[in-house]
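Each chain, letter by letter, is given below.
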Amino acid sequence: MHTLRVSIDLKTKKSVVFPLVLSGALLLLMMIVGVLMLLAQGKLIALDPRMFYKIMTLHGTGMIGTAALAVSCIMWYFLSQYVSLKRSVFYVNLIFFIVGVAMVLVAIFAYDFAGGWTFLYPLPSISGGMWGKTAAALYLGGMLVIGSGFLILFLEAARAMIKQYGSFAATLGWPQILGQKKGFGPPPTVVASTMVCIVDITAIIAGAAILLISLINLYAPGFTIDPLLAKNLTYGFGHVLANSTIYMAVIVVYELLPRYTGRPWKSNKIFLIAWNISTIFTLIIYPHHLLMDFVMPKWMLIMGQVLSYLNGIPVLVITAYGALMIVYRSGIKWDVASGFLYLSMFGWVIGVIPAIVDATIVINHVMHNTKWVPGHFHMYMGIGVCSMLIGFMYYLTKVEGGRSDSKMDFLTLWLFVLTFLGLTGSFLFSGADSTPRRWAEHLPEWIPADVMAAFSGMAVTLIFLLFIVRFINYSSKIGTNKDHTDNMGTPTHG
Ligand code: HEM
Ligand SMILES: [Cu+2]
């Protein structure tokens, strides 16, 4: 017996609505900004290079930050079923996020900060006259505020899980892996949330350290840090935070595909081992961003390369395989939400392949600063993470808000995937053609792919606008729908 609804209280259900609307609006804005960059690179509009780097900084920061906020709603929503979370902490993070975003916006548009979302030391303080101390301080401070909000959120999730299950060893299923306990480990959502807490708390602490040092360095230039250590801390933060979005988002797949098919998703031994491996690897593979820094210890670079091959693979394989198995001959009745969740697997798989290519040291020396890199991460962020998010939003408005799927919803589902493939395909093409990334000015030979990307990007943006309108239209009804049976009742689906 199963129902599509999740048994958590109404207030928790409603609490995710505003952050999801906010995230949707911000993602849309960032997409428009992305299209502007492409139009400029493709010489379809004239954009002052100074403005290009400002909006490039905005797009990178805004996309990663907003994606993290949006998928943290997925984690919060489903984790609430198993542990008791303090809702006030969820709101505190939201407030920190809004304050931090405001600081970042002021830094970029009022004070001209354009140092990139990676704020690589010592660039924020040495801008060659492009921006001043206030700009850098507001940007770094804003990032620190956003990071602190997330830190509090993950600490709360960690606290609640440890209270419920005893320890992280238990939530990662060590007793089952070691054979001390028979049967299945904790629910997949708890396993995934543990992983996310471990990697993100570590990442944010590394990030906070380098942000604070950079801030002090702004006002006390004598206070310096070894730039290589700074780069390690920065990527230890940036890589992990960006990467962890997919591990938060995938929770929606573990929770909903079983509800759609009436088959449980259990954490068996292989599942648990895969998540344990990915926990460690996610933390230690960031040196793949430093493959060009020849002064790095060689063993770290080799580790970064070899483990990058393996990093996402265990979780990706058990998840994609698990999704196939759970759906196979289940008689599932597809709707738009489950369609998105299924397609997200595809986005994740195809997004990882170019990443593996890039993580090879010899290839990386040629490819790393080309558009190949944005090509790969736009694939798994766009078709992977965004599809999981949109699937969650469609699920909420349907099951909790009484919306029903229209033909248009199905059409936009396919158009989203196809146009996003067009966008990322153009990026990969540019990369293979040796177009550098992060350049405002492109050579004539590079322009056709930019134009192709610009038009695909415009289509993606328009379709995403439709999703957001659809969500907002039904968002106020979330929690009020009585058509589907309540959690304790009899099933209406399956
Ligand atoms: C319509 C959709 C999108 C468009 C048109 C777009 C466009 C772009 C462009 C043109 C760049 C700069 C490429 C270069 O280096 O030359 C870029 C970079 C980037 N994008 Fe997107 N993007 C889109 C969606 C996304 C999404 C969904 C995410 C993540 C959730 C994302 C995250 C990033 C990041 C992190 C960068 C790197 C910024 C940097 O190099 O500092 N983008 N995007
Ligand atoms: Cu990375």
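Residues numbered from 1 in each chain as written. Chains lettered and ligands numbered in written order. Predicted model: local features only at pLDDT ≥ 70, side-chain atom pairs only at ≥ 80, totals over all residues. Heavy atoms only, no water.

Participant: What should I look at first to understand the overall build of the protein in this one?
Facilitator: The secondary structure content of the protein amounts to 18 helices and zero strands. The C-alpha atoms of the protein give 22 Å as radius of gyration, which agrees with the globular expectation for 494 residues (23 Å, within 12%). If you line up the protein on its principal axes, its C-alpha atoms span 65 × 50 × 40 Å. Relative to its full complement of 494 residues, the protein shows a buried share of 61%. Taking contacts inside the protein between residues at least 6 apart in sequence as the whole, the part at least 24 apart equals 83%. Split by element, the accessible area of the protein, about 19400 Å² in all, is 71% carbon and sulfur. The distance from the centre of the 31 positive side-chain charges to the centre of the 19 negative ones in the protein is 10 Å. (Helix = DSSP H or I, 4+ residues; strand = E, 2+ residues; numbered from the N terminus. Rg over C-alpha atoms; globule rule 2.2 N^0.38 Å. Buried < 20%, exposed > 50% of the residue type's maximum accessible area, 1.4 Å probe, protein only. Contact = heavy atoms within 4.5 Å. Areas by Shrake-Rupley, 256 points an atom, 1.4 Å probe, with all protein chains shown as cover. Lys, Arg positive; Asp, Glu negative; His and termini not counted. Charge placed at Lys NZ, Arg CZ, Asp CG, Glu CD.)

Participant: Is there a simple way to explain the coordination of the copper ion (ligand 2) in this structure?
Facilitator: Metal coordination angles have textbook ideals: 109.5 degrees for a tetrahedral set of four donors and 90 or 180 degrees for an octahedral set of six. The copper ion (ligand 2) binds to the protein through H239 (ND1), H288 (NE2) and H289 (NE2); the donor distances cover 1.9 to 2.1 Å. When the donors of the copper ion (ligand 2) are listed by position in the chain, the intervening gaps give H-x48-H-H. (Donors = N, O, S within 2.8 Å, 3.2 Å for Na, K, Ca; no water.)

Participant: I tried to follow the site of ligand 1 on my own but got confused; where do I start?
Facilitator: Close to ligand 1 lie 24 residues; Q41, H59, H378, R437 and R438 are nearest. The side chain of R437 places a nitrogen or oxygen atom 2.8 Å from an oxygen atom of ligand 1. At 2.6 Å, a backbone N or O of R438 approaches an oxygen atom of ligand 1. Among the residues forming the shell around ligand 1, the class breakdown is 14 nonpolar, seven polar and three charged. (Near = heavy atom within 4 Å. Polar contact = N/O pair within 3.5 Å; in protein donor to acceptor, adjacent residues only side chain to side chain. Nonpolar A, V, L, I, M, F, W, Y, C, P; charged D, E, K, R; others polar.)

Participant: How do you make sense of helix α13 (residues 313–327) when you look at a structure like this?
Facilitator: An α-helix turns once per 3.6 residues; consequently, residues spaced three or four apart project the same way. In this model α13 runs 21 Å from its N-terminal to its C-terminal C-alpha over 15 residues, within 8% of the 21 Å that 1.5 Å per residue would give. In this fold, the buried residues of α13 make contact with α9 (227–249), α10 (251–261), α11 (269–284), α12 (298–311) and α14 (336–358). Immediately beyond the C-terminal end of α13, within one or two residues, lies R329, with a positive phi of roughly 55 degrees. (Expected span 1.5 Å × (residues − 1).)

Participant: What exactly am I supposed to notice about the pattern of salt bridges here?
Facilitator: Side chains that carry opposite charge are capable of pairing whenever their charged atoms lie near each other. This structure, assessed with the given rule, holds 15 salt bridges. In this structure, the salt-bridge partner of D9 is R87, at a minimum N-O distance of 2.9 Å. One end of the pair, D9, is in the segment before α1 (10–15); the other, R87, is in helix α4 (residues 87–110), and 78 residues separate them in sequence. For R87, a relative accessible area of 25% translates into the label partly exposed. A salt bridge links D409 to R403; its shortest N-O distance comes to 3.3 Å. Each member of the pair, D409 together with R403, is buried. (Salt bridge = Lys/Arg side-chain N within 4 Å of Asp/Glu carboxyl O.)

Participant: How should the packing of aromatic side chains be read in this particular structure?
Facilitator: Given two aromatic rings, one states the distance between the centres and the angle between the planes to describe the pair. Scanning the entire structure with this criterion turns up 25 aromatic pairs. When the ring of W76 is compared with that of F90, the centres are 5.2 Å apart and the planes differ by 25 degrees; the resulting orientation is stacked. With W76 in helix α3 (residues 49–79) and F90 in helix α4, this pair connects stretches of sequence that are 14 residues apart. When sorted by exposure, W76 lands in the same class as F90, which is buried. By the ring-pair criterion, three or more aromatic residues cluster together here, those being Y247, Y254, W265, F271, W275 and W348. Stacked on the ring of Y474, the Lys or Arg K477 has its end atom at 4.7 Å from the ring centre. (Phe/Tyr/Trp six-rings, centres within 6.5 Å; stacked < 30°, edge-to-face > 60°. Lys NZ or Arg CZ within 6 Å of the ring centre and 35° of its normal.)

Participant: I tried to follow the state of the cysteines on my own but got confused; where do I start?
Facilitator: The term disulfide refers to a covalent linkage connecting the sulfur atoms of a pair of cysteines. For the coordinates displayed, the defined rule picks out zero disulfides. Of the cysteine sulfurs around C73, a residue in no disulfide, the closest is that of C386, at 14 Å. Residue C197 stays outside any disulfide, its sulfur separated by 15 Å from that of C73, the closest cysteine. (Disulfide = S-S within 2.5 Å.)

Participant: Explain the environment of T171 here, please?
Facilitator: The topology assignment puts T171 in helix α6 (residues 168–171). With a relative accessible area of 0%, T171 lands in the buried category. Spatially, the C-alpha atom of T171 lies 43 Å from that of M37, the residues being 134 residues apart in sequence. Contacts of T171, omitting those with residues within four sequence positions, involve M161, Y165, P186, V190, V191 and T194. There is a polar contact of 3.2 Å between the side chain of T171 and the backbone oxygen of F168.

Participant: Explanation requested: the confidence of the model for the protein in the structure shown.
Facilitator: Low pLDDT means the predicted atomic positions in that stretch should not be read closely. For the protein, mean pLDDT is 93; residues scoring 70 or higher make up 97% of the total. The low-confidence segment residues 485–494 (pLDDT under 50) makes 23 contacts with residues lying over four places distant or belonging to another chain. (pLDDT = per-residue confidence, 0-100.)

Participant: Would you mind showing me how to read α11 here?
Facilitator: In this model α11 runs 23 Å from its N-terminal to its C-terminal C-alpha over 16 residues, within 8% of the 22 Å that 1.5 Å per residue would give. Those residues of α11 that fall on the buried side of the exposure criterion are F271, L272, A274, W275, N276, S278, T279, F281 and T282. Buried-residue contacts for α11 involve α7 (174–177), α8 (188–219), α9, α10, α12 and α13.

Participant: Teacher, can you tell me more about a nonpolar patch on the surface here?
Facilitator: A cluster of nonpolar side chains, L29, I32, L36, L44, I45, F455 and M458, forms an exposed patch at the surface whose accessible area comes to about 570 Å². Within the residue set of the nonpolar patch, elements represented by two or more residues are α2 (17–41) and α18 (447–475). At three residues, α2 tops the list of elements feeding residues into the nonpolar patch. On the secondary structure map, L29 appears in helix α2. (Patch = residues over 30% accessible without salt bridge, like charges linked within 9 Å, V, L, I, M, F, W, Y side chains within 5 Å.)

Participant: Could you clarify how one ought to interpret the packing of α3 against helix α16 (residues 372–400) in this entry?
Facilitator: The interhelical angle for the contact between α3 and α16, taken along N-to-C directions, is 45 degrees, at an axis separation of 11 Å. Taken together, the axis directions place α3 and α16 in an arrangement best described as oblique. You can see that α3 and α16 cross each other, and the crossing is left-handed. Contact with α3, carried on its side by H59, I64, A67, A70, V71, I74, Y77 and F78, involves H378, M381, V385, M388, L389, F392, L396 and E400 of α16 and no other residues of that element. Across the contact of α3 with α16, the residue classes tally to 13 nonpolar, two polar and one charged. (Axes fitted to C-alpha atoms, helices over the stretch in contact; angles between N-to-C directions. Parallel < 35°, antiparallel > 145°, perpendicular 65-115°, else oblique. Left-handed = near helix turned anticlockwise from the far one by under 90°.)

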